[in-house]
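Okay, here's what each chain looks like letter by letter:
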Amino acid sequence: MRDQRPAIILIVIFLVSGVLLVKLFAIQVLDDSFLKRAESNAIQRVVDHPYRGLIYDRTGKLMVFNNPIFDLMVVPREFNVGDTARFCELFHISKEELIEKYNAAKSYSKVKPSPLIKQFSTTDFARIQDFLVDYPGLFILTRNVRSYPAPTTAHALGYIGEISAGQLEKDTAGYYSQGDYTGLSGLEKYYENELRGKKGVKYKMVNVRGVDKGPFKEGEYDTISIAGQNLTSTIDLELQQYGEMLMNGKTGSVVAIEPKTGEILAMISAPFYDPNQLTGSEFGKTYRKLNNDGSKPLFNRPIMATYPPGSIFKIVQSLIGLQEGILTPNTTFACNKSLVACHNHPNPVNLFGAIRNSCNPYYHQAFRQIINQEVSSNTFKDTEIGLNAWREKVLKFGLGAPLGIDMSGEKGGDVPSSKLYDRVYGAGHWKYSTIYSLSIGQGEMQVTPLQMANLAAIFANKGYYFTPHLVKALDGNPKKIPAKFQEKRSVGIDAHHFDLIQDAMAEAIYGTANRAVMKDLVIAGKTGTAQNPHGEDHSVFIAFAPKENPKIAIAVYVENAGWGGRAAASTASLMIEKYIRRTISRPELQDYVIAGNFMN
Amino acid sequence: MKESEVQINRVDWIAVSIYFALVMIGWFNIYAVVYDSQVEKSIFDLSISSGKQLMWIGTAIGLITLIMVADYRFFENLSLVIYLIFLGILVVTPIFGKEVNGQILSIGVGEFRIQPGEFAKFATALALAKVMERPTFDLSKRNYQFIAFGVLLVPVALILLQPDTGTAMVYFSLLIMFYREGLPQWYYVLGIGSVSITLLALGVDNNLYLAAIIVFMVGILIYMGKKSWQRILAFSLIGIGLIAYIYSIDFVVSKLPLHQQNRIMVLFNPDIDPLGVGWNVTQSKIAIGSGGLLGKGYLEGTQTKFDFVPEQDTDFIFCTLGEEFGWLGSFVVISLFAGLLYRLVIMAERQKTRFSRIYGYGVVSILFFHFMVNIAMTIGLFPVVGIPLPFFSYGGSSLWSFTVLLFIFIKLDSSRASQLGRIS
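Treat the numbers as computed from the prediction; the structure is a model and nothing was measured.

A word on the overall build of chain A
Scanning chain A from terminus to terminus reveals 22 helices and 18 strands. When burial is assessed residue by residue, chain A has 52% of its 600 residues classed as buried. Summarising the internal contacts of chain A: among those between residues at least 6 apart in sequence, 70% fall at separations of at least 24.

Given below as structure tokens:
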């Protein structure tokens, strides 16, 4: 009996050793959750944010850059304020604010840094730098905010801001994390992937108190950040700023396009704001203020506002008529005011005269022939077929759908199809007399200022356009811009038909838009008036110049400024002169536009 | 001169080799704990614990030499004197010792301090060996049991005054030696049974389940055996007693100081408070568990190095090993301990005197308890008890006391040829 006891003791020793080894095997080899917990304990992932790409104008002037701002951070455990009064004086902070911020920092963490004073400027930073050594537990954290040397082009450039929860959810690639900045509108949003660059990650080891203990595995898993690409915009900064000066205090849009490339030279949405306001820590506050402003400064009118095209649409009707063979330069209609109102002008008129005088009855009759081609003996059916065929041709002019500019939120306007009338009047219950107002660009038609500027470019190019865009090059390389902006789009009208149109437009500004006329610079233009049921009509003018070899196509909308020949035509003419001549020879016209007294 | 040469040849080199292997592995691990890649210091640097430990190792080798050249009779003859001296030191420690965290563990002058609780272990083992060596000493008899337990419980009582529950517990490991020397088996059945029932009562949330199981088992026992009324009554009383005991445990636990209650509860659920009481065990398990099969590599551990595990160079030294050398490293060290204990049992059994055998089993008991409890607590199998891992943990008192404990036995073993066979 007693002889078994040593053996029993040995068995117990080996049994216990075995149990320890089995348990160790379970937690060390079988269960890998401890490894993950160890990593989250001791390895901290520090994101190295890349430098966001800069934005230049077409002439190489800097428009957007990254401005370093400095936050004074505090580590409460290490911080010792010493003489509070001296501290407050040095750092320009009130005692109450200091106590409040310090307590907030302490309640967040005693060993992790929190901001004590936010956003020092470079000069303030230089001033306090020397005092910092006297205060342990204080250090400066540098961040970059977007900054704009010239307070201009706010809508086109857009702004960046903290990523929203919804955007984070959509970010399936997992690039972003909470608190990251991302482009929220304009170029900043559209070219986010190009501008943002690529984040780097550093893995560092920390001890139990969160103190940095150096890189993990000598930085084997670290990646360095890659700076974003610089973007060259198509905007001509000088022209843009001049346009903003003219549009200051008004409501409306100016869009100027280089016809041969579709590059947008200027894009003004009035009223506008200083893009520097929507940066940094004041973003939220300013954004709310701008958003609640009754004049809607955040509303990007060139691509979001829609108006009936009005008389300018008569040119499109003329071109479709010519291409169809329904109209010839010699086609004459009487100015029959019983069909639709018109003003007094020589009567009857041929096509040239109809454009020059903007004759409404002429287009009422011409449009009837375009629509009712007697394809069907049923007049209702015939109208429906005619309308839809016509609509297809109009759509080719870049109307009725978004053009595809490199900005989000672009509206497409509206070119009605038979479906709209079927819905309103019932199928087979409408005919030409229902839709005739489309002939003069009124009724159900809607276009954006951008589409109108593009129309001017089409007239200038004699039948083709490039999708208007704001990007000229990425990292200095024009080939890197999206392919869709390099593709020539035909509107399906033979080029020779445009000769008459261009002549008529050049002639039309004499009389309808005398203010726009310039000596030895031939402007081809057309006034329009967008009817406004809520108040004064909107002043509209499109033009291109010089007539031979056009360099600029432009559309100007000035809301509640009445007839197109005054506000819009004057503004467009000045913009054209500025762009082509780079000087203004008509200061009185400039004063007239700036004063903004268009109704008298 | 001739005699001592013979003795050197008779030294059990297997045990000595395992001892040095463990001490060296421990020393490298202590360096891994304090190693900081940002301020690289040599393993010999006296300002860090690995440098100091090397000093303790050096002095331990001095102690070994002293023990080996001494006459083997010295330990047997002076065992009771050594025992009384350490009892005396234990008595004065609470009066003259230095208080740290409410405990008075050490006594000494200036830098030179010892923890008498550590050294009293080998003194108690020696005294018990001396007391129990007489051929007539029979542990199955009540009066001899009183003597043995008396010698054991005096130092325990004095250590509880410090108070140091962990070290006091270690003395009860000598029950293993008592077992070898003939303490009746039913003591152990009863002891292990009551410990199991206590653990079950603590671990199982609803005591009704346990009560139901006891009722069921008592029912089976009554049904299976003779159905005399005395037997039915006896089993019923035992069953009722057990159920009453189970229900009384919760009451007793609720009367314990809160930190002791928590230490017990963390054993059953370390996640109840991972940042508070469970912190030690949770972080220790994370450190060991993150080691994987092969470990992170020497000096590559992050958990122990960056202070996530508390008391890492002393009681939680095993974490560093588990993290940096993985399961394979754990396997090697546990095998070394098991091998040493196996060797010591073999050695104890070959002794010619009862004194040497009893002392040998005393060494086995104390080392085994430390080894089992220390490692078990780092992996959450045992409540956190502040006792060191023999030969591994940083600290002079701990290394010296284990060295003395072990080498007195190695000395006795090497001299067994010259001892008079008095074994019963």
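After that view of the structure, there is still more to cover.
Here we look at the overall build of chain B
Check the secondary structure of chain B and you find 16 helices and three strands. Here chain B, with 424 residues, has 52% of them falling under the buried criterion. A separation threshold of at least 6 residues defines the contact pool for chain B, and within that pool the share at least 24 residues apart is 70%. Taken as a whole, chain B presents about 18800 Å² of accessible surface, with 70% of it coming from carbon and sulfur.

A closer look at the interface of chain A and chain B
Taken together, the contact between chain A and chain B spans 36 residues of the former and 49 residues of the latter. Carbon and sulfur atoms supply 71% of the area that chain A and chain B bury against each other, a total of about 3900 Å² over both sides. Of all residues in chain A, Arg5, Leu20 and Gln28 of chain A give up the largest surface area on contact with chain B, accounting jointly for 17% of the area buried on that side. At the surface where chain A touches chain B, the tally comes to zero salt bridges. Contributing elements (two or more residues each) for the side of chain A that touches chain B: α1 (4-30), α2 (33-42), β8 (200-206) and β9 (212-215) of chain A. A per-element tally of the side of chain A that touches chain B places α1 of chain A first, with 19 residues. Among the residues forming the side of chain A that touches chain B, the class breakdown is 23 nonpolar, five polar and eight charged.

Considerations on the packing of helix α13 (residues 313-324) of chain A against helix α15 (residues 360-371) of chain A
Residue and element names in this part refer to chain A. Close contact between α13 and α15 brings their axes to 10 Å; oriented N to C, the two are set at 40 degrees. Between α13 and α15, the angle is such that the two are oblique. For the pair α13 and α15, the sense of crossing is left-handed. Contact residues: α13 offers Lys314, Gln317, Ser318, Ile320 and Gly321, while α15 offers Asn360, Tyr363, Phe367 and Ile370. For the contact of α13 with α15, the per-class residue count stands at four nonpolar, four polar and one charged.

Observations concerning the sheet that holds strand β16 (residues 524-530) of chain A
All names here are of chain A. The antiparallel open sheet is built from five strands, whose spatial order is β12-β11-β18-β17-β16. The outermost strands of the open sheet, each flanked by one partner alone, are β12 (263-270) and β16. Geometrically, the sheet is characterised by an average inter-axis angle of 10 degrees between neighbouring strands, direction not taken into account. Alignment of strand β11 (residues 252-258) against strand β18 (residues 552-558), held across six bridges, turns out to be antiparallel. Counterpart to serine 253 in the pairing with β18 is tyrosine 557. The sheet strands contacting helix α19 (residues 449-461) are β11, β12, β17 (538-545) and β18, and the helix crosses β18 at an angle near 150 degrees.

What about the confidence of the model for chain B?
Residue and element names in this part refer to chain B. For chain B, mean pLDDT is 86; residues scoring 70 or higher make up 93% of the total. The low-confidence segment residues 1-6, where pLDDT is below 50, has zero contacts with residues more than four positions distant or belonging to other chains. Overall fold confidence for the complex sits at a pTM of 0.64, while the interface term, ipTM, reaches 0.89.

Points about the packing of aromatic side chains
Residues and elements named next belong to chain A. Summed over all chains, the structure comprises 43 aromatic pairs over all chains. Members of the aromatic cluster, connected to one another through ring pairs, are Phe79, Phe87, Phe91, Tyr102 and Tyr135. Above the face of the phenylalanine 299 ring, lysine 296 is positioned so that its terminal group lies 5.8 Å from the ring centre.

Section: the packing of α1 of chain A against helix α14 (residues 317-349) of chain B
One way to put it is that α1 of chain A packs onto α14 of chain B with a least axis distance of 10 Å and a crossing angle of 175 degrees. Between α1 of chain A and α14 of chain B, the crossing angle belongs to the class labelled roughly antiparallel. Every residue of α14 of chain B that contacts α1 of chain A at Pro6, Leu10, Ile13, Phe14, Ser17, Leu20, Leu21, Leu24, Phe25, Gln28 and Val29 of chain A is listed here: Phe318, Gly322, Gly326, Trp327, Ser330, Phe331, Ile334, Ala338, Leu341, Tyr342, Val345 and Glu349 of chain B. Across the contact of α1 of chain A with α14 of chain B, the residue classes tally to 17 nonpolar, five polar and one charged.

Description of the pattern of salt bridges
One pass over the full model with this rule turns up 35 salt bridges over all chains. We note a salt bridge from glutamate 384 of chain A to lysine 381 of chain A, for which the minimum N-O separation is 3.9 Å. Pair noted here: glutamate 384 of chain A and lysine 381 of chain A are both in helix α16 (residues 379-395), with a separation of three residues, about one helical turn. By relative accessible area, which is 22% here, glutamate 384 of chain A ends up partly exposed. Notably, a salt bridge pairs glutamate 181 of chain B with arginine 357 of chain B, separated by 2.8 Å at the nearest N-O pair. Placement of glutamate 181 of chain B in the loop between α8 (175-180) and α9 (185-203) and of arginine 357 of chain B in helix α15 (residues 354-378) is noted, with a sequence separation of 176 residues between them. Across the pair, exposure class does not vary: glutamate 181 of chain B and arginine 357 of chain B are buried alike.

Points about α13 of chain A
Residue and element names in this part refer to chain A. With twelve residues, α13 ought to run about 16 Å at 1.5 Å a step, and its terminal C-alpha atoms sit 17 Å apart, in line with that. A large share of α13 lies buried, amounting to ten of its twelve residues. As for α13, its buried residues are in contact with α14 (351-357), α15, α16, α19, α20 (497-512) and β16. At the exit of α13 stands glycine 325, carrying a positive phi of roughly 80 degrees.

Considering helix α4 (residues 72-96) of chain B
Residue and element names in this part refer to chain B. Here α4 is 25 residues long and its end C-alpha atoms lie 33 Å apart, about the 36 Å a rise of 1.5 Å per residue gives. The largest bend in α4 amounts to roughly 60 degrees and is located at leucine 78. For α4, the full list of buried residues reads Tyr72, Phe75, Glu76, Ser79, Ile82, Tyr83, Phe86, Leu87, Leu90 and Thr93. Packed against the buried residues of α4 are α3 (49-69), β2 (103-109), α5 (116-132), α6 (142-160), α15 and α16 (396-414). For α4, the capping residue at the N-terminal end is aspartate 71, with a side-chain oxygen 2.8 Å from the backbone nitrogen of arginine 73.

Quick notes on a nonpolar patch on the surface
Together, Ile213, Phe216, Met217, Ile220, Tyr223 and Met224 of chain B line one region of the surface with nonpolar side chains, adding up to about 720 Å² of accessible area. Locating methionine 217 of chain B in the fold gives a position in helix α10 (residues 207-224).

Side note on the environment of glycine 400 of chain A
Residues and elements named next belong to chain A. By the element assignment, glycine 400 lies in the loop between α16 and α17 (418-425). Between the C-alpha atoms of glycine 400 and glutamine 451, which are 51 residues apart in sequence, the distance is 9.1 Å. The contacts of glycine 400, once residues within four sequence positions are left out, are Leu395, Gly412, Gly413, Asp414, Val415 and Gln451.

Rules of the game
- Residues numbered from 1 in each chain as written.
- Chains lettered and ligands numbered in written order.
- Predicted model: local features only at pLDDT ≥ 70, side-chain atom pairs only at ≥ 80, totals over all residues.
- Heavy atoms only, no water.
- Helix = DSSP H or I, 4+ residues; strand = E, 2+ residues; numbered from the N terminus.
- Buried < 20%, exposed > 50% of the residue type's maximum accessible area, 1.4 Å probe, protein only.
- Contact = heavy atoms within 4.5 Å.
- Areas by Shrake-Rupley, 256 points an atom, 1.4 Å probe, with all protein chains shown as cover.
- Buried area = accessible area lost by both parts, 1.4 Å probe.
- Salt bridge = Lys/Arg side-chain N within 4 Å of Asp/Glu carboxyl O.
- Nonpolar A, V, L, I, M, F, W, Y, C, P; charged D, E, K, R; others polar.
- Axes fitted to C-alpha atoms, helices over the stretch in contact; angles between N-to-C directions.
- Parallel < 35°, antiparallel > 145°, perpendicular 65-115°, else oblique.
- Left-handed = near helix turned anticlockwise from the far one by under 90°.
- Pairing = 2+ DSSP bridges.
- pLDDT = per-residue confidence, 0-100.
- Phe/Tyr/Trp six-rings, centres within 6.5 Å; stacked < 30°, edge-to-face > 60°.
- Lys NZ or Arg CZ within 6 Å of the ring centre and 35° of its normal.
- Expected span 1.5 Å × (residues − 1).
- Bend = angle between axes of the 7 residues up to and from the residue.
- Polar contact = N/O pair within 3.5 Å; in protein donor to acceptor, adjacent residues only side chain to side chain.
- Patch = residues over 30% accessible without salt bridge, like charges linked within 9 Å, V, L, I, M, F, W, Y side chains within 5 Å.

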